[in-house]
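Below, each chain spelled out in residue letters.
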Amino acid sequence: MDRIALTGGVPLYGDIPVSGAKNSAIKLMAAALLTSEPVRLTNMPRLADTRLLGRLLARFGCQITESDGPDGQQSILHTPEITSSFAPYDLVRQMRASFNVLGPLLARTGHAKVSLPGGCTIGARPVDLHLKALEALGAHIDMHEGYVFAQAPRGLKGAEIEFPFVSVGATEHALMAAVLAQGTTVFKNAACEPEIEDLALCLNAMGAKVSGAGTPTITVEGVTSLHGTDWPVICDRIEAGTYALAAAMAGGEVRLTNVRPDLIGILLDKMREAGCAIETAGNTITIRRDPAQKLKAVDITTRVYPGFATDLQAQFMALMTLAEGECIIRETIFENRFMHVPELSRLGANIVASGGEARVKGVDALKGAQVMATDLRASACLVIAGLAAQGETTINRVYHLDRGFENLEGKLSACGADIRRLKSDEPVMELEE
Ligand code: EPZ
């Protein structure tokens with residue numbers, strides 16, 4: 001298992017190009033199963049998660065070609081025929097989002113057998129809303145031995161579906177199934193995350209008729225088939241926010257490029273409130289901070305979009321460990337998303353977490369130590385903390401980082417960070433999210 005070693009205290013200066021969003025790319029890849037024609041995804045991040053999903057899609061007959069195209073990194077996904085509708089446990093449990101192949105397989109072939117994903121480190125994360133939505137669309141669902149058997153031999157049928165609470169995954173999953181259903185589907189209380197709009201726009205480019213994505217009410221007029229398209233993956237707002245926080249933590253001046261500042265408006269407001277100088281212009285965000293200047297403690301509460309993203313909570317907490325005063329960080333999306341707290345404490349942070357609340361009291365300095373990454377975003381928070389810690393920090397289990405951050409060491413070291421990967425031949429532990 002590789003580790004990352006970094007020596008803190010070096011301000012960052014330079015540009016960081018933001019990659020395509022992992023959480024959009026993997027849904028767009030699943031959506032490519034809905035057509036027999038090629039779908040060319042550009043601005044594609046190369047990540048452990050996209051590779052893993054590629055392996056699963058290949059089992060269904062999807063041919064994937066990755067290359068550097070005229071618009072940068074691209075993947076062409078082509079599934080002339082679905083050769084199998086079976087997603088085994090071994091692959092699904094390694095990445096929960098791969099459960100979302102169920103909808104497209106069902107919509108295209110009328111049947112699918114997909115493993116339930118199981119729990120993960122940040123919460124129980126059931127898929128009941130996904131299954132209820134597919135049932136409402138007319139699927140017959142059975143569960144045996146950890147597998148979902150779904151059937152709709154005469155096709156899915158449009159329905160009115162009101163989600164009892166907002167779920168990103170259930171909204172995307174049901175949307176992918178509804179585009180090929182007969183008649184009209186209306187989703188109420190749908191998630192509004194930008195990745196959902198990206199998925200809906202791509203589906204429309206494939207011939208679907210989706211309106212309202214990005215708002216709580218989405219309407220889908222079913223069509224009988226979809227065709228191929230070219231689609232650029234939306235920029236990764238979580239990666240952008242992570243580097244914005246890294247720059248604020250280390251100090252210096254960093255310009256993020258290929259980014260949409262409007263997607264992380266709340267984060268930028270909170271960072272300004274804490275004392276960071278932030279300018280946005282077109283597709284760039286510049287973060288400036290004198291490392292000698294103390295930041296102010298600022299409270300946050302995670303919420304569904306456009307609220308403060310849970311996927312940036314850990315990274316924001318890292319920044320707050322050195323802020324002046326005390327703040328409260330509330331996590332409302334996942335029940336166990338403070339696994340980074342004991343690791344930050346190993347670096348000298350003063351944090352008390354209980355239930356969904358963490359009280360962070362700023363300290364004068366963090367000190368480098370060995371720490372362990374527990375999930376993807378928690379790993380990023382340890383990198384951020386390490387950038388400002390005195391001495392060397394070594395992060396174990398960086399395979400978590402590789403799931404969602406493309407070339408993280410390269411991007412940070414291009415701005416002057418003293419960060420390196422310690423390669424190891426030891427096998428990677430099994431992924432889990
Ligand atoms: C997506 O997860 C993201 N994953 C997560 O990012 C992100 O944290 C989350 O949305 C919230 O923004 C991907 O896009 C691959 P949810 P998802 O369904 O879709 C409960 C990362 O680090 N729930 O909106 O799984 C659930 O347990 C990852 O990139 C049910 O109870 O999130 C959670 O408490 C981590 N039943 C809440 O809803 C269901 O059927 C919100 O989950 C579905 C969800």
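What counts, and where the lines are drawn
Residues numbered from 1 in each chain as written. Predicted model: local features only at pLDDT ≥ 70, side-chain atom pairs only at ≥ 80, totals over all residues. Heavy atoms only, no water. Helix = DSSP H or I, 4+ residues; strand = E, 2+ residues; numbered from the N terminus. Rg over C-alpha atoms; globule rule 2.2 N^0.38 Å. Buried < 20%, exposed > 50% of the residue type's maximum accessible area, 1.4 Å probe, protein only. Contact = heavy atoms within 4.5 Å. Areas by Shrake-Rupley, 256 points an atom, 1.4 Å probe, with all protein chains shown as cover. Lys, Arg positive; Asp, Glu negative; His and termini not counted. Charge placed at Lys NZ, Arg CZ, Asp CG, Glu CD. Phe/Tyr/Trp six-rings, centres within 6.5 Å; stacked < 30°, edge-to-face > 60°. Salt bridge = Lys/Arg side-chain N within 4 Å of Asp/Glu carboxyl O. Core = buried A, V, L, I, M, F, W, Y, C linked by side-chain atoms within 4.5 Å. Near = heavy atom within 4 Å. Polar contact = N/O pair within 3.5 Å; in protein donor to acceptor, adjacent residues only side chain to side chain. Nonpolar A, V, L, I, M, F, W, Y, C, P; charged D, E, K, R; others polar. Domains from an automatic or database assignment. Pairing = 2+ DSSP bridges. Axes fitted to C-alpha atoms, helices over the stretch in contact; angles between N-to-C directions. Right-handed = clockwise from strand over helix to strand, strands pointing away. Buried area = accessible area lost by both parts, 1.4 Å probe. Disulfide = S-S within 2.5 Å.

Student: Quick rundown of the overall build of the protein? Include the residues and the values.
Tutor: Summing up its helical and strand segments, the protein has 14 helices and 24 strands in all. Taking 433 residues into account, the globule formula puts the C-alpha radius of gyration at 22 Å, and the protein, at 21 Å, falls close to it. With respect to the principal axes defined by its C-alpha atoms, the protein has extents near 65 × 45 × 40 Å. Taken over 433 residues, the protein has a buried fraction of 58%. Sequence-distant contacts, at least 24 apart, represent 74% of the contacts inside the protein between residues at least 6 apart. As presented, the protein carries roughly 16,200 Å² of accessible surface, and 49% of it is formed by carbon and sulfur atoms. Seen as two clouds, the 41 positive and the 50 negative side-chain charges of the protein have centres 1 Å apart.

Student: Which residues make up the packing of aromatic side chains, and what values go with them?
Tutor: Geometrically, a pair of aromatic rings is defined through the distance of the ring centres and the angle of the planes. On inspection of all chains with the given rule, the structure shows three aromatic pairs. Here Phe 86 and Tyr 147 contribute two aromatic rings whose centre-to-centre distance is 5.6 Å and whose plane-to-plane angle is 35°, an arrangement assigned as tilted. Pair noted here: Phe 86 is in strand S6 (residues 86-87) and Tyr 147 is in strand S9 (residues 147-151), with a separation of 61 residues, a long-range link. Classification of Phe 86 as partly exposed rests on a relative accessible area of 27%.

Student: How would you summarise the pattern of salt bridges if you had to cite specific residues and measurements?
Tutor: Using the criterion set out here, one finds 24 salt bridges in the structure. Ionic pairing is found between Asp 2 and Lys 423, a salt bridge with its closest N-O pair at 3.4 Å. Placement of Asp 2 in the segment before strand S1 (3-7) and of Lys 423 in the segment after strand S24 (418-422) is noted, with a sequence separation of 421 residues between them. Judged by its relative accessible area of 14%, Asp 2 is buried. Taking relative accessible area as the criterion, Lys 423 reaches 69% and is therefore assigned exposed. The shortest N-O distance in the salt bridge between Glu 253 and Arg 288 comes to 3.0 Å.

Student: Run through the nonpolar core, naming residues and quoting values.
Tutor: Counting 81 residues, the largest nonpolar core has Leu 256, Met 271, Phe 316 and Leu 412 as the members making the most contacts within it. The element that contributes the greatest number of residues to this core is helix H8 (residues 237-250), accounting for ten residues. Membership of the second largest hydrophobic core comes to 74 residues, among which are Phe 99, Leu 129, Ile 141 and Ala 152.

Student: Any chance you could break down the site of the ligand for me, citing the residues and the numbers?
Tutor: Residues in close proximity to the ligand total 24 residues, the closest being Lys 27, Asp 128, Ser 167, Asp 311 and Ile 333. Between the ligand and the protein, one listed contact pairs an oxygen atom with a backbone N or O atom of Pro 126 at 3.2 Å. The contact in question runs from an oxygen atom of the ligand to an N or O atom on the side chain of Asp 311, over 2.6 Å. Computed on the free molecule, the ligand has an accessible area of 830 Å², of which 88% lies beneath the protein chains in the complex. Of the residues forming the shell around the ligand, the biggest block, four residues, is contributed by helix H1 (residues 22-31). Of the residues in the shell around the ligand, the class split is eleven nonpolar, five polar and eight charged. For the shell around the ligand, the domains that each give at least three residues are domain 1 (3-19 + 235-422) and domain 2 (22-232).

Student: Outline the sheet that holds S24, supporting the account with residue identities and numerical values.
Tutor: Within the open sheet, the four strands sit side by side as S22-S23-S1-S24. Their pairing is mixed. Lying at the two open borders of the sheet, with one neighbouring strand each, are strand S22 (370-372) and S24. Geometrically, the sheet is characterised by an average inter-axis angle of 20° between neighbouring strands, direction not taken into account. Across three bridges, the pairing between S22 and strand S23 (residues 392-396) is parallel. By the bridge assignment for S23, Gln 370 is matched with Thr 394.

Student: Describe in detail the pairing of S23, supporting the description with residues and values.
Tutor: Note: S1 against S23, four bridges, orientation antiparallel. Bridge pairing in S23 places Ala 5 opposite Thr 394. What joins S22 to S23 is helix H12 (residues 376-388), and the crossover it makes is right-handed.

Student: Could you give an account of the domain arrangement of the protein, naming the residues involved and the relevant values?
Tutor: Examined at the domain level, the protein breaks down into domain 1 (3-19 + 235-422) and domain 2 (22-232). The gap between the C-alpha centroids of domain 1 and domain 2 is 31 Å. Listed by partner, the interface residues are 23 residues for domain 1 and 22 residues for domain 2. When the buried surface of domain 1 facing domain 2 is broken down by residue, Tyr 305, Arg 403 and Glu 406 rank first, second and third, together holding 33% of it. The tally of links between domain 1 and domain 2 comes to two salt bridges.

Student: Summarise the pairing of strand S4 (residues 63-69); cite the residues concerned and give the values.
Tutor: In this sheet, strand S5 (residues 72-78) lies alongside S4 in antiparallel orientation, the contact comprising seven bridges. In the sheet register, Gly 69 faces S5, and the bridge partner there is Gly 72. Between the end of S4 and the start of S5, which pair antiparallel, lie two residues.

Student: Just give me the short version of helix H5 (residues 128-136), but keep the residues and values in it.
Tutor: Residues of H5 that are buried: Leu 129, His 130, Leu 131, Ala 133 and Leu 134. Against the buried residues of H5 lie helix H4 (102-109), strand S8 (140-144), S9, strand S10 (160-162) and helix H6 (168-178). Following H5 by one or two positions, Gly 138 adopts a phi angle in the positive range, close to 100°.

Student: Outline the state of the cysteines, supporting the account with residue identities and numerical values.
Tutor: This structure, assessed with the given rule, holds zero disulfides. Its sulfur unpaired, Cys 192 is 18 Å from the next cysteine sulfur, which belongs to Cys 235. Here Cys 235 stays unpaired: no disulfide links it, and the sulfur of Cys 202, its closest cysteine neighbor, is 16 Å away.

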